[in-house]
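Chain and residue survey
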Amino acid sequence: MIEKTAEVADKSAGSAGSGQPHIKQTSSAWRRRVIEFLWRYGLLVVWLLLAIVYSILLPDTFFTFSNVQNIAGSQAVLVVVALALIPTLAAGEFDASVSSVTGMSLVLIGWLNVLHGWPIWAAIAVALAVGILIGAVNAFFVVVAHVPSIVVTLGMGTLLIGAAVGTNSLSTGGISPG
């Protein structure tokens, strides 16, 4: 067994000088980098390609400032929710309660501002503080109590949906004049 291993090592060392394995290694390393790039940034590449294709096909409607402004305005909440997921995903966990925290915050802002006449800045500050408190409770159960993050955040999400409905079962809209 030891002799065969030494024999294989001698053959691989002899062929290393020919340059052939080096080309394969370089090609393999290049391919690995391309695959890693596409794995990491593939969605962004596809999104850019779609934007380019639609800009070419519909230059008068798609590639206009008003369309970009409309897309940015309609997707602002989704961007904030996606940004809220970055820390937990970077830690290798998943937070299933992000949408429920967002919903609870929106209900809380409407409840405080419209129904109770709080200034909008104070209602937003309270909603941010409640969101931070909810995140701290989730972190406590995941980090200290060692409960899996998916269990904690699904439970918290269910609790928050119930709290949001219980807090305000009426539909509220607008901003109070105060």
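**Quick word on the overall build of the protein chain**
- For the protein chain, the helix and strand inventory stands at 7 helices and 0 strands.
- The proportion of buried residues among the 178 residues of the protein chain is 18%.
- Within the protein chain, residue pairs in contact and separated by at least 24 positions form 54% of the contacts whose partners lie at least 6 positions apart.
- Summed over its atoms, the accessible surface of the protein chain is roughly 13300 Å², and 73% of this surface lies on carbon and sulfur atoms.

**Some words on unusual backbone geometry**
- Within the chain, H146 stands out as a residue other than glycine whose phi angle is a positive 60°.
- Within the secondary structure, H146 is located in the loop between α6 (120-144) and α7 (149-167).

**Section: a nonpolar patch on the surface**
- A grouping of W30, V34, F37, L38, Y41, L44, W47 and L48 is seen on the molecular surface, where their side chains present a nonpolar patch of about 850 Å² in accessible area.
- Here V34 shows up in helix α2 (residues 20-57).

**Here we look at α6**
- Its 25 residues give α6 an end-to-end C-alpha distance of 35 Å, which sits within 8% of 36 Å, the value for a rise of 1.5 Å per residue.
- Once α6 finishes, H146 follows within two positions and takes phi at roughly 60°, a positive value.

**Comments concerning helix α5 (residues 98-115)**
- Its 18 residues give α5 an end-to-end C-alpha distance of 25 Å, which sits within 8% of 26 Å, the value for a rise of 1.5 Å per residue.
- Where α5 is concerned, the buried positions are V98, S100, V101, M104, S105, L108, I109, G110, L112 and N113.
- In this structure, the buried residues of α5 make contact with α4 (76-90), α6 and α7.
- At the C-terminal side of α5, G117 shows a positive phi close to 75°.

**Focus on the environment of V142**
- One can find V142 in helix α6.
- When the C-alpha positions of V142 and T153 are compared, they lie 9.2 Å apart, and in sequence the two are 11 residues distant.
- Sequence-distant contacts of V142, defined by excluding residues within four places in its chain, comprise V147, S149 and V152.

**Regarding the environment of G155**
- The residue G155 is located in helix α7 in this model.
- Owing to a relative accessible area of 38%, G155 belongs among the partly exposed residues under this scheme.
- Distance in space between the C-alpha atoms of G155 and S97 is 8.0 Å, their sequence separation being 58 residues.

About the thresholds
Residues numbered from 1 in each chain as written. Predicted model: local features only at pLDDT ≥ 70, side-chain atom pairs only at ≥ 80, totals over all residues. Heavy atoms only, no water. Helix = DSSP H or I, 4+ residues; strand = E, 2+ residues; numbered from the N terminus. Buried < 20%, exposed > 50% of the residue type's maximum accessible area, 1.4 Å probe, protein only. Contact = heavy atoms within 4.5 Å. Areas by Shrake-Rupley, 256 points an atom, 1.4 Å probe, with all protein chains shown as cover. Patch = residues over 30% accessible without salt bridge, like charges linked within 9 Å, V, L, I, M, F, W, Y side chains within 5 Å. Salt bridge = Lys/Arg side-chain N within 4 Å of Asp/Glu carboxyl O. Expected span 1.5 Å × (residues − 1).

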